[in-house]
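Residues per chain are reported as follows:
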Amino acid sequence: MKVHIDSSWKEKLKEEFEKPYFAELTAFVKKEYKDEVVYPPPKYIFRAFDLCPFEKVKVVILGQDPYHGQRQANGLAFAVDEDITVPPSLQNIFKEIASDIDCRHLVSTTAVDTKCLQNNGDLSRWAEQGVLLLNATLTVRAHLAGSHQGRGWELFTDAAIRALSEECEHLVFMLWGNYAKAKGAHIDRSKHLVLEAPHPSPFSAYSGFFGCKHFSKANDYLIAYGETPIGWL
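Quick caveat, the model's predicted, so the values are computed rather than measured.

A. Molecular detail of the environment of Lys 95. Within the secondary structure, Lys 95 is located in helix H5 (residues 88-100). Residue Lys 95 is classed as partly exposed on the basis of its relative accessible area, which comes to 42%. Separated by 128 residues in the primary sequence, Lys 95 and Ile 223 have C-alpha atoms spaced 23 Å apart.

Shown next as structure tokens:
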């Protein structure tokens, strides 16, 4: 089956593309895009993989569904395009980063206003540094959260997580909320750092997401194993 996805991931996941569930998933998704309004745009379905090739992955942040509001979903978990209002969960992610990482030196050395740093929801800058922003389900019907769950996407993204866990070493996995934590069952914790916290949603951020310090912990771990840290700001 022909799938337009980064070549490194196409090689790692080639067996998935030939399985019956993926053929059924493909047929379902094609029909949904034909008959309904579905997000993200088709060219962005595999964008998380395209911007972060397999061999460049350092950090994995797991989401659940794409945003289901107009123009929000862009193929990267938690992200929106630069001209879109930053959603509440991403606002809370930025708040935690600001609290976790001392960014005062950025203002003095580059004249960048830290407030401006938090007003841009385009996280492609993270993806290009090796952060795989992966939703468990890669498509959704407009204004209907969870509408494409249970159709096969979860099997596909589980396979991606397994491949990273088995073939790589010293990756950081950020699992926020119970849904993401359940996906963590496929991760070998003896050779990767797994960071767990409540979801950054306004409904749960104050129960442990704020103060989790995942971003500095991730960078400390990467540095300890000779990797370049992620520029979160």
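B. Broad picture of the pattern of salt bridges. Across all of its chains, the model carries nine salt bridges by this definition. With a closest N to O distance of 3.9 Å, Arg 141 and Glu 36 form a salt bridge. Within this pair, whereas Arg 141 is found in strand S4 (residues 140-141), its partner Glu 36 is found in the loop between helix H3 (20-35) and strand S1 (38-39), the two being separated by 105 residues in sequence. Under the relative-accessibility criterion, Arg 141 is labelled partly exposed at 27%. Judged by its relative accessible area of 36%, Glu 36 falls in the partly exposed class. Of the charged contacts in the structure, one is a salt bridge between Arg 71 and Asp 83, with a shortest N-O distance of 2.8 Å. Here the residue Arg 71 occupies a position in the loop between strand S2 (59-63) and H5, and Asp 83 occupies one in the loop between S2 and H5, the gap between them amounting to 12 residues. The exposure class assigned to Asp 83 is exposed, which follows from its relative accessible area of 56%. Via salt bridges that share partners, Glu 32, Glu 36 and Arg 141 belong to a single interconnected network.

C. Seen up close, the sheet that holds strand S6 (residues 193-197). Here we have four strands laid out as an open sheet, ordered S3-S2-S5-S6, and parallel in their pairing. In the strand order of this sheet, the two ends are held by strand S3 (131-135) and S6, each with one partner. Each strand axis lies, on average, 20° off the axis of its neighbour in the sheet, ignoring direction. In this structure, S2 lies alongside S3, joined through five bridges in parallel fashion. Pairing of Val 60 across the sheet is with Leu 132, part of S3. Sheet strands in contact with helix H9 (residues 153-167) are S2, S3 and strand S5 (172-176), and its direction is about 150° off that of S3.

D. Main features of the nonpolar core. The biggest cluster of nonpolar side chains holds 73 residues, and the ones touching the most others in it are Phe 49, Phe 156 and Trp 232. For this core, the element with the highest residue contribution is H9, accounting for seven residues. In contact with Phe 156, other than residues within four places in its own chain, are Ile 5, Leu 13, Glu 16, Phe 17, Tyr 21, Phe 22, Phe 46, Phe 49 and Leu 138.

E. The arrangement of the packing of H3 against H9 in detail. Contact geometry for H3 and H9: axes closest at 9 Å, N-to-C directions at 125°. When the interaxial angle is binned, H3 and H9 end up oblique. Facing Tyr 21, Phe 22, Leu 25 and Val 29 of H3, the residues of H9 in contact are Trp 153, Leu 155 and Phe 156. For the contact of H3 with H9, the class distribution of residues is seven nonpolar, no polar and no charged.

F. Examining helix H11 (residues 214-224) more closely. Those residues of H11 that sit buried are His 214, Phe 215, Ser 216, Ala 218, Asn 219, Tyr 221 and Leu 222. Each element contacted by the buried residues of H11 is listed here: S2, H5, S5 and S6. Two residues or fewer after H11 comes Gly 226, characterised by a positive phi angle close to 80°.

Cut-offs applied
- Residue numbers run consecutively from 1 along every chain, following the written order of its sequence.
- For this predicted model, a pLDDT threshold of at least 70 governs which residues receive local features, and a threshold of 80 or more governs which side-chain atom pairs are given and counted, while totals over whole chains, interfaces and linings are taken from all residues.
- Side-chain measures were taken over the full set of non-hydrogen atoms in the model, leaving aside hydrogen atoms and water.
- Each helix corresponds to a stretch of at least 4 residues labelled H or I by DSSP, and each strand to a stretch of at least 2 residues labelled E; elements are numbered beginning at the N terminus.
- Exposure is judged per residue with a 1.4 Å probe applied to protein chains only, and the accessible area is read against the type maximum: over 50% gives exposed, under 20% gives buried, and values in between give partly exposed.
- When a carboxyl oxygen of Asp or Glu is within 4 Å of a side-chain nitrogen of Lys or Arg, the pair counts as a salt bridge.
- At least two DSSP bridges between two strands are required for those strands to pair.
- For every element, the axis is a line fit to its C-alpha atoms; helices are fit only across the contacting stretch, and the angle between N-to-C directions ranges from 0 to 180 degrees.
- When checking whether two residues touch, look at their non-hydrogen atoms; a contact exists if any pair is within 4.5 Å.
- Residues enter a nonpolar core if they are buried and are Ala, Val, Leu, Ile, Met, Phe, Trp, Tyr or Cys, with the set joined through side-chain atoms within 4.5 Å.
- Every angle not falling under 35 degrees, over 145, or within 65 to 115 is termed oblique; those three ranges are roughly parallel, roughly antiparallel and roughly perpendicular.
- Amino acid classes used here: Ala, Val, Leu, Ile, Met, Phe, Trp, Tyr, Cys and Pro are nonpolar; Asp, Glu, Lys and Arg are charged; the rest, including Gly, are polar.

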